[in-house]
Amino acid sequence: MGYEHEPVMVGEVLEHLRPERGGTFLDGTAGGGGHAVEILERGGEAAEVVCLDLDPDAIDAARERLAGYGRRARLKQADFRDAPEILETLDIHELSGALLDLGVSSHQLNTTARGFSFRPGTPLVMRMGGTTGGRGPAADFLNRAPIKELGRVFREFGEERRWRALAREVVRRREKRPFVSSDDLVAAIRTVLGPSVSPRDKARLFQAVRIQTNSELEALSSALPRIRDLLAEQGRLVVIAYHSLEDRIVKRAFRDWSRSCVCPPKLPVCRCRGRPLGRVLTPRPVTASEAEIAGNPRARSAKLRAWERSDRS
Ligand SMILES: C[S@@+](CC[C@H](N)C(=O)[O-])C[C@H]1O[C@@H](n2cnc3c(N)ncnc32)[C@H](O)[C@@H]1O
């Protein structure tokens, strides 16, 4: 099966990343290389891209797509959290820019065996890295997590009002038969939300389980400052988030890095350098145009934020 994924907000990514400045760019979520190819095209000979993705299918697809760029495109199956160590092995110590296009690819969603979708008969897998990484398949979480933990995930990540009832329903069902496929989770959701539950609600609750399965918020929180520290003066970090909690993490990180004083509020005198690390380039998140959303529904929930480093001169 080919790799399908339509990159979102390509124009907006290029506008904020400005690959025409040249240098090394990190694409931490390369997918099929959709954004990477555009960065290389816009950047010309002066730009190179290091592509990371947890998903081996993505790296294979991106490798094929970027083959014509020779050493200007280097690829590795890896977690973007490990970007500093990986760049070190490539003898790269500074980045002109970095991109994180979070969430799942259309390829992952459309490949039944990867187990991300709520379509009937889909195994509950949901691991970004395929057979490895994360906390084990999604079914493990549903079959083993304490009721409190199930409730927290449905409430926090799924923003589900009836989170208590859903957690109870999962436990009631798994005592009779373990969760194996999407049908089991859909049945539990139907019992609680009603038989005519919308695809949007199913997607929201499956996404909550996916976020938990891959520790996605922890990965993002720990990666952001690590990637920031790799940026050169005027280096830019662009993040596209598809979930409000992801977007909040990005928004807060960019805001905190841009404050002139980062001392704890209780400290009577400023002990930090009193200089911001950089500046927010997007006071409000950038969203996709109606035309793009019409052609690519994934773009509907995308929120792009960008930040520029400016403490190194
Ligand atoms: C929305 S897709 C990216 C699509 C890509 N921009 C393109 O143009 O094809 C998100 C990708 O991020 C990858 N991913 C998710 N979490 C990751 C992590 N912690 N480290 C590396 N890749 C990750 C997924 O495997 C998926 O391929």
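Everything here concerns the structure above.
A short tour of the structure in this document, coming up. In every chain, residue numbers begin from 1 and rise along the written sequence. pLDDT decides what is reported in this predicted model: residues at 70 or higher carry local features, side-chain atom pairs at 80 or more are listed and counted, and totals for whole chains, interfaces and linings draw on all residues regardless. The side-chain figures draw on all heavy atoms in the structure; neither hydrogens nor water molecules are used.

**Regarding the nonpolar core**
So, step 1. The definition of a nonpolar core used throughout is a set of buried Ala, Val, Leu, Ile, Met, Phe, Trp, Tyr and Cys residues joined through side-chain atoms within 4.5 Å. Burial here depends on accessible area, computed with a 1.4 Å probe over protein chains only, as a share of the maximum for the residue type. Under 20% is buried, over 50% is exposed, and the range in between is partly exposed. Counting 34 residues, the largest nonpolar core has Leu-124, Leu-142, Leu-150, Phe-154, Leu-185 and Val-209 as the members making the most contacts within it.
So, step 2. Top element by residues in this core is helix H8 (residues 163-176). It accounts for six residues.
So, step 3. Residue ranges assigned to the domains are those given by an automatic or database domain assignment. Counting contributing residues, this core receives three or more from each of domain 1 (10-107 + 216-309) and domain 2 (135-213).
So, step 4. Pairs of residues are marked as contacts when any of their non-hydrogen atoms sit within 4.5 Å. When neighbours within four sequence positions are excluded, Phe-154 is seen to be in contact with Leu-142, Glu-159, Glu-160, Trp-163, Leu-166, Ala-167, Val-170, Leu-205 and Val-209.
So, step 5. Among the nonpolar cores identified, the runner-up in size contains 31 residues, and Val-13, Leu-40, Ile-240 and Tyr-242 belong to it. Each helix is a run of DSSP H or I of at least 4 residues and each strand a run of E of at least 2, with the numbering of both proceeding from the N terminus.

**Describing the pattern of salt bridges**
So, step 1. One side-chain nitrogen of Lys or Arg within 4 Å of one carboxyl oxygen of Asp or Glu is enough to make a salt bridge. Applying the stated criterion to the full structure yields 26 salt bridges.
So, step 2. Between Glu-20 and Arg-42 there is a salt bridge; the shortest N-O distance is 3.9 Å. Placement of the pair is Glu-20 in the loop between helix H1 (10-17) and strand E1 (23-27) and Arg-42 in helix H2 (residues 34-43), with a sequence separation of 22 residues.
So, step 3. For Glu-20, a relative accessible area of 43% translates into the label partly exposed.
So, step 4. Its salt-bridge partner being Arg-72, residue Glu-45 comes within 3.7 Å of it at the nearest N-O pair.

**Thoughts on the site of the ligand**
So, step 1. Whether a residue is near a molecule or strand depends on its heavy atoms: it is near if one of them lies within 4 Å of it. Neighbouring the ligand are 24 residues, the closest being His-35, Asp-53, Phe-80, Asp-101 and Gln-108.
So, step 2. The contact in question runs from a nitrogen atom of the ligand to an N or O atom on the backbone of Thr-29, over 3.5 Å.
So, step 3. Within the backbone of Gly-32, a nitrogen or oxygen atom sits 3.1 Å from an oxygen atom of the ligand.
So, step 4. Areas reported here follow the Shrake-Rupley algorithm with a probe of radius 1.4 Å; residue values treat only the protein chains shown as occluding. If the ligand stood free it would expose 610 Å²; the protein chains cover 97% of that surface. N or O atoms within 3.5 Å of each other form a polar contact, as long as, within protein, one can give a hydrogen and the other can take it, and as long as residues adjacent in sequence are counted only when both atoms are side-chain atoms.

These results come straight from atomic positions and should not be treated as a statement about function.
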